[in-house]
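Here is what each chain is made of, one letter per residue.
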Amino acid sequence: QKQEDIYTIGFVQAMTSDNWRKEMNRAMKVETSMHPNLNLEIKDAHNDVDRQIAQIEDFIEKGVDVLIVSPIQSVPITPVIEKAMNAGIPTIVIDRKIEGSNYTAYVGANNVEIGENAANYIISNSNPGEELKLIEITGLQSSSPAYERSQGFRKVISNQENIEVVATIAGDWEKTSVNKNLQSLIDSIEAPDFIFAHNDRMAMGAWEVARSENLADSIQIIGVDGLFGPSGGIQLVKENILAATVLYPTGGAEAIKLATQLLAGDNIEKNNILNTVVIDKVNVDIMQNQFNKMNQQQNDIEQQQSVIKEQIATYNSQNYLLKIMVGL
Ligand code: FRU
């Protein structure tokens, strides 16, 4: 009897220092564990482009069956993905994009739409015609979600005569890139009505500054990610720290599903766009309940799998004993 082929998926994650990426890895692992013939190897580039390139090259050399990459930046990672494609390795790009279209599939939410959602939230939560001042805090400039979120946000705001983006802070996705810059900005200009930060970590940084200036009640802050769990965006909305967050699903499970379809020889969509939604005080409880349920199910699956593993181990050792006893 022919043993089922074992396939290796190599994933190069941009970094794993934040919970959003930890959640992406976890979702990948859970999905992988449903397929006994899949082996998932994750490398962490620690937010270092050269390291990420070297890790992708390692996987090319190893000849993984499918490569998944979440690029730190678009331009510098593009050639090495092309190299993987030329080596015949199907390559899935997740979350941040590369330049051009030489990849097998992309999975992620529409970041232009995320920016539009944030802007529309501001419009629908203010009085018609009311003069509003906004500050935008962007993600790392050479990564595609930062560019696209800004693009969507600006497009919607530019149609509103009464709303003005008075300043932009170039953040790098992390809270530390916000604190000092926002502090000196708020000291030098009139406080804004809204702040749109490109993710919840930077939004939290903005709130800390607002609080230190006694402005936490008058500035409404919007983030992106909407993670479940302690200090995640959902919790921040519940605690009224953020007015809203725009859900940015990690796509971890979807990427593994795409990989399995590729390995089965199925045709897949090139661009796989995930749904997003604004989470604010109106729907935060519903969202939290949904995530609770999903989380519970994932934990159940993980537990069941460890029980199955134990049973297999017991079976194998009993089988071994049996064979010795009957002299095989
Ligand atoms: C996580 C993160 C998220 C953000 C995404 C953009 O590392 O910074 O907060 O939404 O990357 O690629």
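For the structure, see preceding data.
These figures come from a predicted structure and were not determined experimentally.

(A) Representation of the pairing of strand β8 (residues 194-197) in the model. Residues Phe194 and Phe196 line one face of β8 and the alternating positions Ile195 and Ala197 line the opposite face, and both faces are buried. With four bridges joining them, strand β6 (residues 132-138) and β8 adopt parallel strand pairing. From the neighbouring strand, Ile135 faces β8, where its bridge partner is Ile195. Across three bridges, the pairing between β8 and strand β9 (residues 220-225) is parallel. Following the sheet pairing, Phe196 is matched in β9 by Ile222. As a crossover connection, the stretch from β8 through helix α7 (residues 200-212) into β9 is right-handed.

(B) Quick peek at the site of the ligand. Near the ligand, the surroundings consist of Asp18, Trp20, Arg21, Asp95, Arg96, Pro145, Arg149, Trp173, Asn199, Arg201, Asp225 and Tyr248. Measuring from an oxygen atom of the ligand, one finds a side-chain N or O atom of Arg21 at 2.6 Å. Separating an oxygen atom of the ligand from a side-chain N or O atom of Arg201 is a distance of 3.0 Å. Taken by itself the ligand offers 310 Å² of open surface, and the protein chains cover 100% of this. Counting residues per element, the ones that place at least two in the shell around the ligand are α1 (19-33) and α5 (144-158). Per-class residue counts for the shell around the ligand are four nonpolar, one polar and seven charged.

(C) Examining helix α10 (residues 284-325) more closely. The end-to-end C-alpha separation of α10 is 61 Å, in line with the 62 Å expected for 42 residues at 1.5 Å each. Within the span of α10, buried status applies to Val284, Met287, Gln288, Phe291 and Gln298. For α10, the secondary structure elements touched by its buried residues are α1, α8 (233-238), β10 (244-247) and β12 (278-280). Within two residues after α10, Gly327 carries a phi angle of roughly 70 degrees, on the positive side.

(D) Main features of the pattern of salt bridges. Applying the stated criterion across every chain yields a total of 14 salt bridges. Its salt-bridge partner being Asp58, residue Lys43 comes within 3.9 Å of it at the nearest N-O pair. Pair noted here: Lys43 is in strand β2 (residues 38-44) and Asp58 is in helix α2 (residues 49-62), with a separation of 15 residues, a long-range link. With a shortest N-O distance of 2.6 Å, Glu136 and Arg154 are connected by a salt bridge. With Glu136 in strand β6 and Arg154 in helix α5, this pair connects stretches of sequence that are 18 residues apart. Relative accessible area serves as the criterion here: at 0%, Glu136 is assigned to the buried category. Judged by relative accessible area, Arg154 falls into the partly exposed class, the value being 32%. Residues joined by salt bridges that share partners form a network here, namely Asp18, Glu174 and Arg201.

Basis of the calculations
- Residues numbered from 1 in each chain as written.
- Predicted model: local features only at pLDDT ≥ 70, side-chain atom pairs only at ≥ 80, totals over all residues.
- Heavy atoms only, no water.
- Buried < 20%, exposed > 50% of the residue type's maximum accessible area, 1.4 Å probe, protein only.
- Helix = DSSP H or I, 4+ residues; strand = E, 2+ residues; numbered from the N terminus.
- Pairing = 2+ DSSP bridges.
- Right-handed = clockwise from strand over helix to strand, strands pointing away.
- Near = heavy atom within 4 Å.
- Polar contact = N/O pair within 3.5 Å; in protein donor to acceptor, adjacent residues only side chain to side chain.
- Areas by Shrake-Rupley, 256 points an atom, 1.4 Å probe, with all protein chains shown as cover.
- Nonpolar A, V, L, I, M, F, W, Y, C, P; charged D, E, K, R; others polar.
- Expected span 1.5 Å × (residues − 1).
- Contact = heavy atoms within 4.5 Å.
- Salt bridge = Lys/Arg side-chain N within 4 Å of Asp/Glu carboxyl O.

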